Amino acid sequence: MPSTKLVSPKPAIEVITDLGAEAATSTASKPKPGRSPSASACVPYRETIELGLARGRNAVAIWQDLVDQGNFTAGYQSVRRFVRHLQARSAPEPRAVIQTAPGEEAQVDYGDGPMVRDPQTGKYRRTRLFVLTLGFSRKSVRLLTFRSSSQIWAELHEKAFRRLGGSTRVLVLDNLREGVLTPDIYDAALNPLYRDVLAHYGAVAMPCRVRDPDRKGKVEAGVAHAQKTPLKGLRFENLQDAQTYLDHWEERWADTRIHGTTKRQVAAMFAEERPTLLPLPLEPFRYYQYGERTVHLDGCVEVEAAYYSAPPGWIGRRVQVQWDSHQVRLLDPRTGQLLREHLRHARGCHRIKEEDRPKRTPLTTQQLLTRAERVGSQVGALCRGMHADRGEVAVRHILGMLSLAKKYGGPTVDDACAAALEIGVCQYRFVRRYLERRPQAPLSLRQVDPLIRQLTLYRDFIQTKTEENQA
């Protein structure tokens, strides 16, 4: 058998896979005139960029500001790299630890909930996760809902208070529309329904600064805890099953855990905090709708096709209106003072208080009959008879009877009406002719009266004046 000679393999020939890479690299690495190869185009604008970062502006906004100034010619990626470089070199600032007394503060927020099948569409949709976390014990109440509104936001607070057995004195929240209409660090405009619900439970709202989530970091952690642990990757067939699962996890795991900051069990700390919560009111809050209305020329505002009077002097001005199934309330938009409160009325009808009626507004038939009764019992009986016979046509006749009372006096007209009723004639024309043809009582002139001076006084006066003129 011939021997086999082992031959070592030849080394592979070195191959350059990209002939243009070196040339491209050398071309790209050439420094632009005016700056060193390692310097960034953003270095001359370092202070401007740092100021923008301090104000919370991102790299896109800072790049746009630099371009608008007219001197910056580099692209957005240059600013982006420089911003990352600055953020990497800057040391993180220490976070403030917010400590609250038991029963003093709670934090609320929304987050994304699990996918639940919508009963209306039959498709899975993302729910909203409402979380209320107590500041002292870190006890949380988590509730799920499909949609949100001003009333739903307030109702979730009520459910959370009743689950806890009381309410805190302060509610810290983000500047979402359901709670805050106009964000302001010093005087935020709260949603009126949300404000009144909290006042019903003895609490006040404290909105955070805009883009300052650290102020409500406890509830932020509560939202993230529920999203990452019990709800991650789960789907439910209905909202009730999802809420039941979340409540079981809350009781079994969230309340029994040892909190990372306090190093104590959440349930044990909540047992200490619960007696300090404000007691719940006897009745739940009565929800209402609200809006703004313009007072029309008739002095009324329209609420669900019914009309309610405003005080005099408000025509053409805007008022705030609150209404429910029982009442309608008109408020001064500047001070919140109650202007008028009315009972709800049917569609197309008016609620007008007597003090709000214009002076030239015609009186109602019932008001005219009441005035006739005040003139005299016979006048009132005759007017009621005319109204019973002729209906609304008799209103003019009743006005005529009241005019006769002003001209001839109430007792005289009452006697005339008694005569008309005696013969069974309930007519204004009869009473008027009766009074016109009734003989007037003769005037009796007195010869002697304390107001009449004696003739001798006039004689003596004339004689005295004559003698003075002759002298």
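Reading the values: the criteria
Residues numbered from 1 in each chain as written. Predicted model: local features only at pLDDT ≥ 70, side-chain atom pairs only at ≥ 80, totals over all residues. Heavy atoms only, no water. Helix = DSSP H or I, 4+ residues; strand = E, 2+ residues; numbered from the N terminus. Buried < 20%, exposed > 50% of the residue type's maximum accessible area, 1.4 Å probe, protein only. Contact = heavy atoms within 4.5 Å. pLDDT = per-residue confidence, 0-100. Pairing = 2+ DSSP bridges. Axes fitted to C-alpha atoms, helices over the stretch in contact; angles between N-to-C directions. Core = buried A, V, L, I, M, F, W, Y, C linked by side-chain atoms within 4.5 Å. Phe/Tyr/Trp six-rings, centres within 6.5 Å; stacked < 30°, edge-to-face > 60°. Lys NZ or Arg CZ within 6 Å of the ring centre and 35° of its normal. Expected span 1.5 Å × (residues − 1). Polar contact = N/O pair within 3.5 Å; in protein donor to acceptor, adjacent residues only side chain to side chain. Salt bridge = Lys/Arg side-chain N within 4 Å of Asp/Glu carboxyl O. Disulfide = S-S within 2.5 Å.

**Regarding the overall build of the chain**
Here's step 1: Secondary structure summary: the chain contains 15 helices and 15 strands in total.
Here's step 2: Buried positions account for 34% of the 471 residues belonging to the chain.
Here's step 3: Contacts in the chain between residues far apart in sequence, at least 24 positions, make up 58% of those at least 6 positions apart.

**Considering the confidence of the model for the chain**
Here's step 1: Averaged over every residue, the pLDDT of the chain is 84; the share at 70 or more is 86%.
Here's step 2: Predicted confidence for residues 1-37 stays below pLDDT 50, and this span has 4 contacts to residues more than four positions away or in other chains.

**Re the sheet that holds strand β14 (residues 338-343)**
Here's step 1: Within the open sheet, the 4 strands sit side by side as β9-β12-β13-β14. Their pairing is antiparallel. For this open sheet the edge positions go to β9 (289-294) and β14, each flanked by a neighbour on one side alone. Taken pair by pair, the neighbouring strands of this sheet meet at an average axis angle of 25°, ignoring direction.
Here's step 2: As defined by bridge partners, strand β12 (residues 318-323) adjoins strand β13 (residues 327-331) across 4 bridges and the pair is classed as antiparallel. By the bridge assignment for β13, Val 321 is matched with Leu 330.

**A look at the nonpolar core**
Here's step 1: Membership of the largest hydrophobic core comes to 31 residues, with the highest contact counts inside it found for Val 108, Phe 130, Leu 132, Trp 153, Leu 171, Leu 173 and Tyr 194.
Here's step 2: Among the secondary structure elements, those contributing two or more residues to this core are β1 (105-117), β2 (124-134), β3 (140-145), α5 (150-164), β4 (170-173) and α6 (192-200).
Here's step 3: When residues in this core are grouped by element, the largest group, 6 residues, is from α5.
Here's step 4: Ignoring sequence-local partners within four residues, the contact set of Trp 153 consists of Val 108, Tyr 110, Phe 130, Leu 173, Leu 176, Glu 178, Gly 179 and Tyr 194.

**Focus on the packing of aromatic side chains**
Here's step 1: Summed over all chains, the structure comprises 11 aromatic pairs.
Here's step 2: An aromatic cluster of at least three residues, connected via ring pairs, comprises Tyr 110, Phe 130, Trp 153 and Tyr 194.
Here's step 3: It is Arg 128 that lies over the ring of Tyr 110; its NZ or CZ is 4.1 Å from the centre.

**What about helix α11 (residues 377-390)?**
Here's step 1: The terminal C-alpha atoms of α11 lie 20 Å apart, and with 14 residues this matches the ideal 20 Å at 1.5 Å per residue to within 8%.
Here's step 2: Within α11, burial applies to Val 379, Gly 380, Leu 382, Cys 383, Gly 385 and Met 386.
Here's step 3: At its buried positions, α11 is contacted by α10 (365-375), α12 (394-408), α13 (410-422) and α14 (428-437).
Here's step 4: Looking one or two residues past α11, Gly 391 carries a phi angle of roughly 70°, positive in sign.

**Re the side chain of His 157**
Here's step 1: Among the structural elements, His 157 can be located in helix α5.
Here's step 2: Polar contacts involving the side chain of His 157 include one to the main-chain carbonyl oxygen of Trp 153, which spans 2.8 Å.

**Observations concerning the environment of Gly 202**
Here's step 1: Position of Gly 202 among the secondary structure elements: in the loop between α6 and β7 (204-207).
Here's step 2: You can call Gly 202 partly exposed: its relative accessible area is 43%.
Here's step 3: Taking the C-alpha atoms as reference points, Gly 202 and Pro 281, separated by 79 residues in sequence, lie 9.0 Å from one another.
Here's step 4: Excluding its chain neighbours within four sequence positions, the residues that come into contact with Gly 202 are Thr 168, Arg 169 and Leu 278.

**Considerations on the pattern of salt bridges**
Here's step 1: Tallied over the full model, the rule gives 21 salt bridges.
Here's step 2: In this structure, Lys 139 engages Asp 255 in a salt bridge whose closest nitrogen and oxygen atoms are separated by 2.7 Å. Taken as a pair, Lys 139 in the loop between β2 and β3 and Asp 255 in the loop between α8 (239-254) and α9 (266-273) lie far apart in primary sequence, 116 residues in all.

**Topic: the sheet that holds strand β11 (residues 306-309)**
Here's step 1: If you walk across this open sheet you meet the 3 strands as β10-β11-β15, and the pairing is mixed. In the strand order of this sheet, the two ends are held by β10 (300-303) and β15 (350-351), each with one partner.

**Notes on the state of the cysteines**
Here's step 1: This model, assessed by the stated rule, comprises 0 disulfides.
Here's step 2: Free of any disulfide, Cys 417 has its nearest neighbouring cysteine sulfur in Cys 383, separated by 6.5 Å.
Here's step 3: Relative accessible area serves as the criterion here: at 0%, Cys 417 is assigned to the buried category.

**Some points on unusual backbone geometry**
Peptide bonds are, in most cases, trans, and in most cases residues other than glycine have a negative phi.
Here's step 1: A positive phi angle is found at Arg 138, which is not glycine, with a value near 65°.
Here's step 2: Summarising the element assignment, Arg 138 is placed in the loop between β2 and β3.

**A look at the pairing of β12**
Here's step 1: Relative to β12, β9 is paired through 6 bridges, and the arrangement is antiparallel. Across the sheet, Gly 291 pairs through a bridge with Val 321, a residue of β12.
Here's step 2: With antiparallel pairing between neighbouring strands as the criterion, β12 and β13 make up a hairpin whose turn holds 3 residues.

**Considerations on the environment of Arg 46**
Here's step 1: Tracing the backbone shows Arg 46 in helix α2 (residues 46-54).
Here's step 2: On a C-alpha basis, the gap between Arg 46 and Leu 86 in space is 9.3 Å, while along the polypeptide they are 40 residues apart.
Here's step 3: Filtering out sequence-adjacent residues up to four positions away, Arg 46 remains in contact with Phe 82, Leu 86 and Arg 89.

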